[in-house]
Each structure stands twice: as structure tokens, then as C-alpha cells.
Amino acid sequence: MLTTTRLSLSLGAGLLLGTAATAQDATFGPLVTAATLEPDLAQVEVLDIRDDTYADGHLPGAVNAPYGLFRGPADNPGQVPGTEELSTILGDLGLEPSDRVVIAYQGEDVSDFGAAARVYWTLKSSGFEDISILNGGINAWTEAGFDLSEEAVEVQPSDIELTWNDRWTATAETVEAALEQGDTLLLDARPESFWNGEQAHSAAAKPGTIPQSEYFEHAGWFSDGPTIVDAEAAVALAQEQDFTGAEEIISFCNTGHWAATNWFALSELAGIDNVKLYPESVVGWSNAGYEMANVPGPIRTMWNKVKSAF
């Protein structure tokens, strides 16, 4: 829990105290706007998941929790830190599962949202229940006219011990089972050029996608710059794409970044219960030697390399 200074209130301020308690008890839901967050800022724990730019200015009271803390090594960036390691990370950030947590990111573009969604998914799977993402990120905060702070934030470490809830997690074994059963929608969040094998992540063993998959690019959930659509629009889009009719959905991409946006939109905004994120995604899948689809042949591979050079 972040250390804060609390003012003593007189009996005459009882009404104000009651109002503050009501605000503190309220939840924002999966998304919160800058205007909604600002008056309640002192009652939440803000995680700023940026790296170098945090020191240049952050939301007042926000603690720095760089995105890389929640990611794997360079050869498998989508890998989730082990439960013990994650307990240490969140403990060093001073967090407890009962905290109200708001995740702040830069808000630079639609891809940037994936980092916030991935951290949200990690916290939810770790037992946190009151989590929100600042929609539009730091950019939306400053555009709303609110100030940033350069003051250092003192953190009091917690003794958190996590238990991972795998309800929203898919593994390679989960995907294998889904391929055999054939009743799961494997949803690739990457642009079509990755899905059809024209492009590939540098850490992937080969281009292509997971067999039997369809694609819905993560950018499809954004209609106004880097601000993701609201719940009503997410429901309408999910119904339009027939995502609501799937027995189960497994969201994946290259390293579980863009896929986290699809997971967030489907699970948290559209309210679909049976959505899982495959965090290691195509990089982990291909490097483990599993079957791939849409893998280009030698001539097409050479042509793709020529096109990428220009």
C-alpha cells in the first residue's frame, strides 16, 4: 500500500467524511476516464507502467511499475513471471489484492493499450478485483487539463502472496486440446499480414499462425484514436463478429500484447465469460515446435523478405 498523509477530521466534517467513504467504496469498472478519476485520485493506487518517461511527469501519487516487470525474457516476451516472482514484484510495489488499482500508460497509439490490458489481466489473474485502466492514458489526463507530478513516491512494501487463477489463461496444452475438440474460437489479434505469414515476430521460429485460427486485429476496438470503445460498443461489435456465439475464445498474437487488448474488450467490456489469453502466443507456440498454419514456402518467404527490405 502506498504511504499517504491523512488529515484529521472534526466531528463537524462528518458529512464530508461519509461522502469520501462512499467515493472510496465505489468502483470505476474496467475503464475510467481522466475526469472521473481525478476527484477520487487519492483513494486509489495508480500504477504507471511506462519506463523512462515516468520521471518526466506522472499522475500525482502514481508508483512506477514498468511494463517489463510483467513480461518474460527476450526470447519469449509473452511468458508470465512465476507466482513467487510475481508476488515479489507486486509486494515491492506495495500492493494488496484488496487495493483499488488504476493502470496508467502513455496513450500514444492503439498498440500502447495492449500493455495496460496485459497488466490488467495479470492483476486479475493474481486475485485483484477492483482494477481499472485509465482510458487514453497519460495523454488523456493532460489533454483533460490535469497536472502531472515529478515528486518521488514513497512505497511501503507489502507481504503479498499470490495464488494464480488460471480461469483466463490458456497454455500450449489448452490450445492443443482446443484444436482437437474444434469448439473453441482461436482468435489472432495481429494484423492480417502476420496471420497469413507475410510478416513474423523476430523471436518466432517461423511466420504463420496457429491452425484453425481466425483473426480480428486489436485495432478494431478503437474508433477515436488511442481511446478504446466503451462497453456498449464492445458488445455490439462482439455480436456483429459473432464472438458471443463461441463456446470458448482463446486470444493470441505474437507475445500476448495485442491479444491482451482483444481479451480485455471481449471479457471485461463485452462481458463474455469464456475468454482466455494465451500469453506466450505464436512466439512460444512456434519455438516449442507445434504445428503452424499459413507458413509460406521458400519462394514466398524470399519474396516477403524482398518486400520488407523496401
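Preceding block: the structure.
This section reports on the structure supplied with the text. In this text, all values refer to a predicted model and were calculated from it rather than measured experimentally.

### A short note on the sheet that holds strand β7 (residues 214-215)
So, point 1. Spatial strand order, β7-β6-β10-β11: 4 strands in an open sheet with parallel pairing. Strands with a single pairing partner mark the edges of an open sheet, and in this sheet they are β7 and β11 (275-277).
So, point 2. As paired strands, strand β6 (residues 184-188) and strand β10 (residues 248-252) are joined by 5 bridges and run parallel to one another. Residue pairing for β10: aspartate 188 is matched across the bridge by phenylalanine 252.
So, point 3. Running at roughly 160° to β11, helix α9 (residues 258-269) makes contact with β6, β10 and β11 of the sheet.

### Observations concerning the sheet that holds strand β4 (residues 100-104)
So, point 1. In spatial order, the strands read β1-β5-β4-β2-β3; together these 5 strands make up an open sheet with parallel pairing. Each edge of the open sheet carries a strand with a single partner, namely β1 (31-32) and β3 (63-64).
So, point 2. The pairing of strand β2 (residues 45-48) with β4 spans 4 bridges and is classified as parallel. Across the sheet, residue aspartate 48 finds its bridge partner in β4, namely alanine 104.
So, point 3. The strands touched by helix α4 (residues 113-125) within the sheet are β1, β2, β4 and β5 (130-134), with β5 carrying the most contacts at an inclination of about 175°.

### A word on the packing of aromatic side chains
Here a ring pair, both rings aromatic, is described through the centre-centre distance and the interplanar angle of the planes.
So, point 1. Tallied over the full model, the rule gives 13 aromatic pairs.
So, point 2. Aromatic side chains phenylalanine 113 and phenylalanine 222 sit 5.7 Å apart centroid to centroid with 75° between the ring planes, which places their arrangement in the edge-to-face category. Here phenylalanine 113, found in helix α4, pairs with phenylalanine 222, found in strand β8 (residues 222-224); they are 109 residues apart in sequence, far enough to count as distant.
So, point 3. Given a relative accessible area of 12%, phenylalanine 222 falls into the buried group.
So, point 4. With a centroid separation of 4.9 Å and an interplanar angle of 45°, the aromatic rings of tryptophan 141 and phenylalanine 146 are classed as tilted.
So, point 5. Relative accessible area serves as the criterion here: at 23%, phenylalanine 146 is assigned to the partly exposed category.

### Quick word on the pattern of salt bridges
So, point 1. On inspection of all chains with the given rule, the structure shows 5 salt bridges.
So, point 2. The partner of arginine 190 in a salt bridge is aspartate 188, with the nearest N and O atoms 2.7 Å apart. As far as the burial class goes, arginine 190 and aspartate 188 line up, both buried.

### Thoughts on the nonpolar core
So, point 1. Ranked by internal contacts, the top residues of the largest apolar core, which has 57 residues, are Leu90, Trp221, Phe243 and Phe264.
So, point 2. If you list the elements that add at least two residues to this core, you get α3 (83-92), β4, α4, β5, β6, α8 (231-240), α9 and β11.
So, point 3. Once residues within four sequence positions are removed from consideration, tryptophan 221 is found in contact with Phe216, Ile228, Val229, Ala234, Leu237, Ala238, Phe243, Thr261, Asn262, Ala265 and Leu266.
So, point 4. Core analysis: the second largest hydrophobic core is formed by 14 residues, Phe28, Val32, Val46 and Trp141 among them.

### Focus: α3
For the α-helix, the turn length of 3.6 residues means that residues three or four positions removed from each other point alike.
So, point 1. The complete set of buried residues in α3 reads Leu86, Ser87, Ile89, Leu90 and Gly91.
So, point 2. Its buried side turned inward, α3 meets α4.
So, point 3. Residue glycine 94 follows α3 closely and has a positive phi angle near 80°.

Criteria and thresholds
- Residues numbered from 1 in each chain as written.
- Predicted model: local features only at pLDDT ≥ 70, side-chain atom pairs only at ≥ 80, totals over all residues.
- Heavy atoms only, no water.
- Pairing = 2+ DSSP bridges.
- Helix = DSSP H or I, 4+ residues; strand = E, 2+ residues; numbered from the N terminus.
- Contact = heavy atoms within 4.5 Å.
- Axes fitted to C-alpha atoms, helices over the stretch in contact; angles between N-to-C directions.
- Phe/Tyr/Trp six-rings, centres within 6.5 Å; stacked < 30°, edge-to-face > 60°.
- Buried < 20%, exposed > 50% of the residue type's maximum accessible area, 1.4 Å probe, protein only.
- Salt bridge = Lys/Arg side-chain N within 4 Å of Asp/Glu carboxyl O.
- Core = buried A, V, L, I, M, F, W, Y, C linked by side-chain atoms within 4.5 Å.

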